[in-house]
Structure formats: structure tokens, C-alpha cells
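Structural features, examined
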Amino acid sequence: MPFNYRLKDIAEFLELELIGSEDSVIHSISGIDKAVSGDISFLANQRYAPLLAVCKATAMILRPADSHQFKGACLLSSDPYLSYAKLSGWFSEAPKKLGIIHPTAVIASNAHVASGCSIGANSVIGAQVILGSNCYIGANTCVGERSSLGSDCYLADNVTLYHDVKLGCNVTVHSGAVIGADGFGFAPDGAGGWEKIHQNGGVIIGDKVEIGANSTIDRGALNDTVLGNGVIIDDHVHIAHNAAIGDNVAMAAYAAVAGSTVIGENCVFGGNSAVLGHLKIADNVHLTARTTVTKSIKESGSYSSAGFPLMESFKWRRCSVNFGKLEKIHHRLQKVELDQE
Amino acid sequence: MPFNYRLKDIAEFLELELIGSEDSVIHSISGIDKAVSGDISFLANQRYAPLLAVCKATAMILRPADSHQFKGACLLSSDPYLSYAKLSGWFSEAPKKLGIIHPTAVIASNAHVASGCSIGANSVIGAQVILGSNCYIGANTCVGERSSLGSDCYLADNVTLYHDVKLGCNVTVHSGAVIGADGFGFAPDGAGGWEKIHQNGGVIIGDKVEIGANSTIDRGALNDTVLGNGVIIDDHVHIAHNAAIGDNVAMAAYAAVAGSTVIGENCVFGGNSAVLGHLKIADNVHLTARTTVTKSIKESGSYSSAGFPLMESFKWRRCSVNFGKLEKIHHRLQKVELDQE
Amino acid sequence: MPFNYRLKDIAEFLELELIGSEDSVIHSISGIDKAVSGDISFLANQRYAPLLAVCKATAMILRPADSHQFKGACLLSSDPYLSYAKLSGWFSEAPKKLGIIHPTAVIASNAHVASGCSIGANSVIGAQVILGSNCYIGANTCVGERSSLGSDCYLADNVTLYHDVKLGCNVTVHSGAVIGADGFGFAPDGAGGWEKIHQNGGVIIGDKVEIGANSTIDRGALNDTVLGNGVIIDDHVHIAHNAAIGDNVAMAAYAAVAGSTVIGENCVFGGNSAVLGHLKIADNVHLTARTTVTKSIKESGSYSSAGFPLMESFKWRRCSVNFGKLEKIHHRLQKVELDQE
């Protein structure tokens, strides 16, 4: 499991100036608080700068101004966190794309599997599916009829793509994620029950998108549900039918977008935040955790709608009761103000 | 992929009066804003009525009073949205029920599979399972021992039914949904740990129920968890052990019902709403998004308990702090009032 | 399906004093309100004591002080709920561990499968996996490379373990749960996009842990995500990368712990509660439902931050609007107070 990289090769890959021995061998990557000899580490947060003097790492990625504090080899970066991110893939032990199609995989005879694809045991590839080159399909994963993947996609084990789902290139989907299930569309049937609206749209996802474990992206009712390029989605996220998510949007766990809502580019949604249906959100909107957006947002900025300061429960219970009295409190205050005049 | 339906056949199926050419051919169904020649569309929301004059659809489902505004063929409906829902299935491209049992499916020798069933690749049908006629079981789906499905059920790919789960007829379950996992039952063991309470009940689900992707319906502890007829459930919903959900209840994404709670008929639960355990909710209760129900509700109506108006985060932070002072604010107001007297 | 146990054997297993016929035969276990002849039941909550006089159960587990109210056989327990929990497994009809490896399971040639293991149809066991003795692996379940399970683990159908996930002994994982998916780690790439941080840590889980359906426990970025012994986790729970969860913590549905947060022992988290990242929570902290923890908690106790009293929606709407005015209300109150002086 330990890796063996020459420090010079790392510096060249990251395009960083190296101060120290080019031939040092790096076995692992570690946080600054845990690094030992043979490790490379990084200083991204100045809060940890005092650890530089005592850190035993063989090499450190850091800003030039910090390099004098570290005795080992230094890789000088204007953005050490980004440099670390770029390097992190060198130390991954995730399953390799070996280009092997497991004999138990069930692949429709008219599916198109480009060169270099890996297909795991017991996966099921439907009719007319197109897999671009170098895709990885995990075990027990299903790709529905007519769906297509661009090159270099990675579907982990137990992923489900329904029919007519289109992924761009370099899309990663984690286990348990479901793309293309029916949107939640029903019409009252006039007799107290519900008439299902068949969801005849598809899902279109751009390039370089990542979708977390157990997230759901529903198919459109009439048109498609659309995710732009560079979108990153955590676990348990829900994108409802006909939503459109702009490029580079980031959504933390349990974030949700309801039906037909359009999200601008570069938005960041905190955990368990939600945007109601048929709204339009501008570019560069940040939602703090648990925020519920009930109307369209036209200006970029940070928005919130939920959460009190954390309190001990007995105190919170009294505040909560007073919340129920807020309207009366307001009226009583108005009366007091009038009486003072 | 394009369909070819005679307009006359559509009118007859929907039992609607047709104004225009019976022999027009319909290829697709579209929203009023996107419809082109060859499409059928519908006017459900009067807000879009101005589009009637310019819409290029070949045919339109609309109320009689609106028909004069549209130049193409008109299907006159007192409820265009319901007519659209009924027609939507004609334009579905979801996998067809072909009545084929894939050779890789693993079916217990004593399972009963009625005529017309489709069973997907690598699905696993346990001992003593009963599948009613014309059921569709997707790929990589598991049906546990002694579970039963009525006729015309549809389990998508990667669905899990545990043992002793009973579905009625015409039940649809989307990918990633889990029905019959253990309820969350543990007793403190007196030494700081937890003793598991085995969940020996089952799950009983009525007719014409739909369950969304990655939702969970846990099995009962002693008795069964029960869903009535016509229940519709979105993605990421959770029904805990021994809950009972009345007929035609609709639950949006992330809605949750805790253990042993009884929900009346025709309730509508907004996204991320939750009802705590051991409560009883009347018929026709509507919960707005994120509402937490902490006590039984005896009267039908709309209830809420969460969510402020959306604010810019810097303003919200100050309001939030003042919430923590609410009790004191109330007391100070009382004092001011007393002093005025 | 009915069981046949001698009451004497039950009393000996539970180590309880039996008053009544040792040879009574018990077929089932039931709640006190539904028990019939042939059943054993229990009185855990004094609220149900009045039912003792009319309950038809053959035997009852109850406190000695209550035994005079029941005419049938009595098993005297100082903690009837715990006694019931211990006994509940005798009446389970969950699939048995038969020690059979299904021929369709795909098991890497260098995986180690100890004696007594059951492996379900179409499951996939990766390279260098270690399964301890008497493990049960359900159908369509995947265990990634180099992962290991201690003895007596139970993975239900459609479970996903990624590579390098280490489970202790007696760990239960329900369907749809995903352990070891990538944590949500990305660095801004300086051009509006995101650079993925490969998640090179693993997951380590202690003994006697239970993980509910569709829950996710992400792998660490550099180090491991860790769950202690005796942790119990409901459905739809999310544990982010590098979190550490102390022994015997209980987390209800949708509870979430963000990245790098450390949770003490014996904490109890209500449904949909959440702890933000990089925090430290003391032992024995109780969070009520929906609480958001935004700062470290140093003292044990019960904490809250969310939820108003349930109101009718029209009233809640007015209170909610007044919340937005809270800062102004406070300022106006201050002014009134000053004017009074």
C-alpha cells in the first residue's frame, strides 16, 4: 500500500518550485498534525502554522512566506489547499480502472461499450446504452435503456441510472445514488385519489460532475432535468423533476431543489437547505444550512431563514413558547409606544 | 421514439369533446411554452392563457371557455390537468413489461410467479414469495422470503423488499427504496449500551401506492407498519415502525413519520415535514414544509411550525440572536406595561 | 410460523422468577393491547397497567409490584422492557444464517471467508476481503477490496461497502446503506470550478454497531472516519468524512454529523439533528429533533435550537413575519424603557 514517489516528480506535476532534495521519496500524504517522515503534508490554514516547526513530514506544500519555518523540503504554492487537492489522486487506493468486463455483467447486445471500459460483476447495461471510453461501472450497478455516458465516467457499486439519462464526460456517481427516477407528479383525480403523471422527460448532466451516495435526481415530467458542468453534490441530496442547476453549483448533504426551479451558476447550498418549486435563483447565491427559499432570489449574496442560537433545551422551550406570542408582543409594544406619546 | 396517435383515439380515451380534425396525428406531448406542430399540450393554469394565441401545438386540452383563443384542435375538459395526467402514460418510454424472466434472475423454487411477470437480470426472489400477474421486477432487485405482490406491481432496479412485506395491486416502488428494514428499536441495557429489539412485524401496503427513490418504510416491532390505498410518497421519505398511513396521503421529499403514529386519510405533508411518534393525526391535515408535529392533531386544516421569512444572512444573524432574548424581551415588555399603568 | 417455547425455558433464558405453570407453551410475543392466549407480553409503561386485568396473554413480563393484577403466568423483572428486548430475537423470522454460499456470488479468489459464513445470490466480495466467522452477506451486496468484517456481522441485501472499510464483530448494516463513499471534499480551483480532493482514508467501525437503511458513512480524506462500539444509527443518517462517533451513541433518522467533528460517548441525537464540522461534543449530550449545533458543546445536557410550537398556518405566518422584525422590536422596546426612566 505505501507509495513511492520522487519529490521532483511531485513538484513537476504540481508545477511548484521545490526547495530541498529532489530525490526524497514520498510514501504517503498526511495532515500537518499527523505527518511522519516519508510523508508530504500541506499548510492551508494559518491556524496550524505553529506546527511547522515540529512537523516531521519529509516535504511540505506551503506559501513562500511560510517556508522559513519548516526544516524539511518545501514546495512553494500560492494556494497550498488546491495543490494538495491536485496531488491527492496520487495516493488514492480506490479500485483501478483495469479495462476488464466481468463475465457476470449483463450487457445488452446493442449497447455500445467504447474501448477501455471496466464493467463490474453483476452490473446490468440496458439496450442501446452508450458507454464512452474508459468508463468504470461498478458491481451491481444498473444503466437503463438508451442512457449514455461520456468518456471517463465512474459509477460506483449499486448505482442506478434509469432510461434516457445522459451523462457528460468525467462524471462520478456514488453508491446508492438514483438518477432518473420518476418525479413526484400526480393530479387530484376528483374523487380524493391521485392520478399519476407519467414522467416522460429525461436527465441531462454535464461534464466533471460528482454525485454523492444515496442522492436522487429525478427525471423531468415533459422536458429534462438538467445539471450543468462542474456541479458537485454531497450525499442524500434531492433534485426534483425539471429543475435546472447551473455550472459549478455545490450542494451539501440533504440539500434539495424542488420541481422546475432554476439555479444560477456557482451557488453554494448548505446542508439541508431547500429551494421551493418554480423559483429562479441568481448566480453566486449562498444558502446557510437549513435555509428554505420560498421566493426567487435576484441578487447574489448569502441568505438564511432558519436556526436559532443553540440553547439548553429548558431555555429553548421558553423562547419557543414566546415565539408563539410574537404577534401579541408586537401589538402590546405598539400600544405602549402610543401611550408614551 | 416519436409516437403516432390519431387525435380521435386520444379524445375517445379521455372521453372529451374534440373540436378540429379527428385525423390529426400526434407525435408528442409538451408544455404550452415549448409545444410545436405535432404536439398535444394543455392549459391547466390560467396564467399561461396568453400563450394560447401563439402556441404551435396541433391540439390543446383546455376548458371550453378558453377554446376560442386557440387556432388548433381543442379537446374540451373540465379539468385539463387531470386529462393531461391520464394521457401522459401514452407517451412514456419507460421499460416495457415484456413478460420475460431473465435467465440470470435467481428465483426460489417455491416462489410463485403468476403469468405475465417480467423479472430483470440478477434480481433475487426469495423463498415462498408470491408475485401476482403482470408484475415487473427490475434488475438487481431483491424480494425477501414470504413477501407478496398483488397484480401489476412495478419494482424498479435496485429495490429492496425484506421478508414478510405485502404489497397490494398496482404498487410502484422506485430504485433505492427499502421496505421492511428493521425499525429503530433498542432498550437501554442498564450498562450504557443498547439491547436490540428484534423487529418481528411486517409491512402491509395497499393498492395503487407509489414509493419514491431511496425512501424507507420500516417493518413493525410487534405488529405491522401499514400504508393504505392510494398513498403517494416522494424520494427520501421515512416511515418508521408501526406507523399507519391513511388512504391517499401524499408525502413530499424527506417527509417522515415516527414510530406508532397514525395518520388519517387524504393528508398532504410538505417536504421535510415530520410527525413525532405515538401521535394521531386527523384526516385532511396539511403540513407546510419543515413542520414538526409534536402533538396529536384532531382537526383537519393547515399546520406549520418552522421557517422564517428568507433574509440576507447578516440580518438573519441579528434576528436569530434576538430570538434567544425573547423571554427577556417579553418580561421587559410586561414591566414597561406595568409601569405605564 | 408460530413458535413453540416452554415458558420455563424463557424464564431461564431471561433469568427471571416465574410465577405460574412452567409447561405453558408460548407461540408468539405481542403488545399488551393485542395479546391473546398463547402469547407472552410485557408491561413496560405504567400507563398500560389497567390492561393487565383484561389481557388474555398466557404470560406477562412485569415488575413484581404489578404481578398481583395479572391472572396468567408472571415473569418478574426489574426492567420488563429490557427483558422483552432480550427475548424478542426468539420470535424473529428474519432470514436464517444457514452457512450457505450461493453459487452466483462473485468472491475474489484471494478473499478470506471464515467458517459459517452465508453469502447471498449475486453478492460481490472483492479482492483481499476478510469475512469473520458466521457473517451473513445478503443478496446483491458489495464488499469492496481489502474491507474486513469481524465475526457475526450481518449485511442485508443491497448494502454497499467500499474498499478499506473495517467492521468489528456483530455489526448489522441494513439495505441501501453505503459505507465508505467519498467524503465531500473539493478545493476551489481558482477559475470558478472545483478540484476534487481524493478521499484516501477509510472507515473503522467498532463492535455491536447497527446502521439503518439508506444511511451513509463516508470515508476519511486523509485519516479514517471512526464509529465506536455499540453505536446505533437509524435510517437516512449521514456521517461525513473524518468524523469520530463515541461508544453507544444513538442517532435517529436523518441525523447528521459533518466533517472532522468528534462526538463523545452515550450521546443521543434526535431526528434530523445536525452537528456542523470541526466541532467537539461532550459525552452524554442529548439533541432534540432538528437541532443544529454550530459550536462545540463542553457540558453534558440537553440542547435545542429549532422548532416553534405547532400552530395553524395562518397564525404561524404572522409570527414568522414578526420574527423578521425582532431586531426592530428589541430596539423599540429599549427606547420605550429609556423614555420611561
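Residues numbered from 1 in each chain as written. Chains lettered and ligands numbered in written order. Predicted model: local features only at pLDDT ≥ 70, side-chain atom pairs only at ≥ 80, totals over all residues. Heavy atoms only, no water.

A word on the domain arrangement of chain A
It is common to give the size of an interface as the accessible area that goes away when the parts come together. Structurally, chain A comprises domain 1 (5-91) and domain 2 (312-341). Relative placement of domain 1 of chain A and domain 2 of chain A: their C-alpha centres are 56 Å apart. (Domains from an automatic or database assignment.)

Some words on the relation of the copies chain A and chain B
Copy one and copy two of the chain differ by a rotation about an axis and a translation along that axis. When chain A is fitted to chain B, the residual RMSD is 0.1 Å, and the transformation amounts to a turn of 120° plus an axial shift of 0.0 Å. Such a combination of turn and shift is consistent with a three-fold rotation axis. (Least-squares fit on C-alpha atoms with pLDDT ≥ 70 in both.)

Some thoughts on the interface of chain A and chain B
Contacts between chain A and chain B engage 78 residues on the former and 71 residues on the latter. Buried surface at the junction of chain A and chain B, both sides included, amounts to about 6000 Å², of which 58% is carbon and sulfur. Counting the contacts that link chain A with chain B gives two salt bridges. Our enumeration of links across chain A and chain B arrives at 35 residue pairs in polar contact (both at pLDDT 80 or more). Listing elements by their share of the side of chain A that touches chain B, those giving two or more residues are strand 21 (186-188), strand 22 (194-196), strand 37 (292-293), strand 38 (301-304), helix 3 (313-324) and helix 4 (326-340) of chain A. (Contact = heavy atoms within 4.5 Å. Buried area = accessible area lost by both parts, 1.4 Å probe. Salt bridge = Lys/Arg side-chain N within 4 Å of Asp/Glu carboxyl O. Polar contact = N/O pair within 3.5 Å; in protein donor to acceptor, adjacent residues only side chain to side chain. Helix = DSSP H or I, 4+ residues; strand = E, 2+ residues; numbered from the N terminus.)

Some remarks on the interface of chain A and chain C
In this complex, chain A contributes 71 residues to the contact, which on the side of chain C involves 78 residues. Of the roughly 6000 Å² buried where chain A meets chain C, counting both sides, 57% is carbon and sulfur surface. Interface area lost by chain A to chain C is led by Arg290, Leu310 and Phe323 of chain A, which between them contribute 12%. Where chain A meets chain C, there are two salt bridges. Here Lys196 of chain C ties to Glu210 of chain A by a salt bridge, and the two come within 2.8 Å at their closest N and O atoms. At the boundary of chain A with chain C, the tally comes to 36 residue pairs in polar contact (both at pLDDT 80 or more). Those elements that provide at least two residues to the side of chain A that touches chain C are helix 2 (80-88), strand 27 (232-233), strand 30 (250-251), strand 39 (311-312), helix 3 and helix 4 of chain A. Element by element, the count of residues in the side of chain A that touches chain C is highest for helix 4 of chain A, at eight residues. Split into classes, the residues belonging to the side of chain A that touches chain C amount to 32 nonpolar, 26 polar and 13 charged. (Nonpolar A, V, L, I, M, F, W, Y, C, P; charged D, E, K, R; others polar.)

Some words on the sheet that holds strand 17 (residues 160-161) of chain B
Hydrogen bonding along the main chain pairs the strands of a sheet, whether they run parallel or antiparallel. With parallel pairing, ten strands are arranged side by side in an open sheet as 8-11-14-17-20-25-28-31-34-37 (chain B). Bordering the open sheet on either side are strand 8 (106-107) and strand 37 (292-293) of chain B, each of which pairs with just one other strand. (Pairing = 2+ DSSP bridges.)

Quick notes on the nonpolar core
Residues and elements named next belong to chain A. Counting 58 residues, the largest nonpolar core has Leu149, Leu167, Ile205 and Ile239 as the members making the most contacts within it. For this core, the elements supplying multiple residues, two or more each, are strand 13 (136-137), strand 16 (154-155), strand 18 (165-167), strand 23 (203-205) and strand 36 (285-287). Not counting chain neighbours up to four residues away, the residues in contact with Ile239 comprise Thr216, Ile217, Asp218, Thr225, Leu227, Ile233, Ile245, Met251 and Val257. (Core = buried A, V, L, I, M, F, W, Y, C linked by side-chain atoms within 4.5 Å. Buried < 20%, exposed > 50% of the residue type's maximum accessible area, 1.4 Å probe, protein only.)

A short note on the packing of helix 1 (residues 7-14) of chain C against helix 2 (residues 80-88) of chain C
Residue and element names in this part refer to chain C. Two numbers describe how helix 1 lies on helix 2: the axes approach to 10 Å, and their chain directions differ by 115°. Taken together, helix 1 and helix 2 sit at an angle that is classed as roughly perpendicular. Here helix 1 and helix 2 pass one another in a crossing that is right-handed. For the pair helix 1 and helix 2, contact is made by Ile10, Phe13 and Leu14 and by Ser83, Lys86 and Leu87, respectively. Here the residues of the contact of helix 1 with helix 2 sort into four nonpolar, one polar and one charged. (Axes fitted to C-alpha atoms, helices over the stretch in contact; angles between N-to-C directions. Parallel < 35°, antiparallel > 145°, perpendicular 65-115°, else oblique. Left-handed = near helix turned anticlockwise from the far one by under 90°.)

Overview of the sheet that holds strand 4 (residues 28-29) of chain C
Residue and element names in this part refer to chain C. With respect to topology, five strands assemble into an open sheet ordered 2-7-6-5-4, the strand pairing being mixed. Both edges of this open sheet fall to strand 2 (17-19) and strand 4, since each of them pairs with a single strand only. Where strand 2 lies against strand 7 (residues 73-76), three bridges are found, and the strand directions are antiparallel. Of the residues in strand 7, the one forming a bridge with Ile19 is Cys74. The strands touched by helix 1 are strand 2, strand 5 (39-42), strand 6 (59-62) and strand 7; relative to strand 7, the strand with the most contacts, the crossing angle is about 10°. Lying on the sheet, helix 2 is in contact with strand 4, strand 5 and strand 6; it crosses strand 6 at an angle near 125°.

As for the pairing of strand 7 of chain C
All names here are of chain C. Burial along strand 7 is two-sided: the face carrying Ala73 and Leu75 and the face carrying Cys74 and Leu76 are both buried. Across four bridges, the pairing between strand 6 and strand 7 is parallel. The residue of strand 7 that forms the bridge with Ala59 is Ala73.

Let's talk about the pattern of salt bridges
In total, this model carries 21 salt bridges over all chains according to the counting rule given. Salt-bridge contacts for Asp339 of chain A lead to Lys335 of chain A; the nearest nitrogen and oxygen are separated by 3.4 Å. With a gap of four residues between them, Asp339 of chain A and Lys335 of chain A both fall in helix 4, about one helical turn apart. Looking at Lys335 of chain A, the relative accessible area reads 53%, which means it is exposed. Here Lys196 of chain C ties to Asp182 of chain C by a salt bridge, and the two come within 2.8 Å at their closest N and O atoms. Taken together, the residues span a long stretch of sequence, with Lys196 of chain C in strand 22 (residues 194-196) and Asp182 of chain C in the loop between strand 20 (178-179) and strand 21 (186-188) at a distance of 14 residues. Of the two residues examined, Lys196 of chain C and Asp182 of chain C, each falls in the buried class. Among the charged side chains, a salt-bridge network with shared partners connects Glu145, Arg146 and Asp164 of chain A.

Regarding the packing of aromatic side chains
Residue and element names in this part refer to chain B. Enumeration according to the criterion identifies 30 aromatic pairs over all chains in this entry. Summarising the aromatic geometry, the rings of Phe42 and Tyr84 are spaced 4.0 Å apart at their centres and angled 10° between planes, so their arrangement reads as stacked. Here Phe42 is found in strand 5 (residues 39-42), whereas its partner Tyr84 is found in helix 2 (residues 80-88), with 42 residues between them in sequence. With respect to class, Phe42 is no different from Tyr84; both count as buried. (Phe/Tyr/Trp six-rings, centres within 6.5 Å; stacked < 30°, edge-to-face > 60°.)

Focus: the side chain of Asp39 of chain B
All names here are of chain B. Looking at the secondary structure, you find Asp39 in strand 5. Despite its burial, Asp39 pairs with no opposite charge, the nearest such side chain being Lys34 at 11 Å. Only 2.9 Å separates the side chain of Asp39 from the backbone nitrogen of Val36, close enough to count as a polar contact. Those residues in contact with Asp39 that lie beyond four places of it in its chain are Ile26, Ser28, Ser30, Lys34, Ala57, Thr58 and Ala59. (Lys, Arg positive; Asp, Glu negative; His and termini not counted.)

Some points on helix 1 of chain C
Residue and element names in this part refer to chain C. Of the residues making up helix 1, those classed as buried are Leu7, Ile10, Ala11 and Leu14. Along the axis of helix 1, the buried residues cluster in a sector spanning 100°; they form a single face. Following helix 1 by one or two positions, Glu15 adopts a phi angle in the positive range, close to 60°. (Arc of directions from axis to C-beta.)

Here we look at the side chain of Thr225 of chain C
Residue and element names in this part refer to chain C. With respect to the helices and strands, Thr225 occurs in strand 26 (residues 225-227). Taking relative accessible area as the criterion, Thr225 reaches 0% and is therefore assigned buried. Polar contacts involving the side chain of Thr225 include one to the main-chain carbonyl oxygen of Asp218, which spans 2.7 Å. Polar contacts involving the side chain of Thr225 include one to the main-chain amide nitrogen of Gly220, which spans 3.3 Å. When sequence neighbours within four positions are dropped, the list of residues in contact with Thr225 reads Gly202, Val203, Ile204, Ile217, Asp218, Arg219, Gly220, Ile239, Ala240, His241, Asn242 and Ala243.

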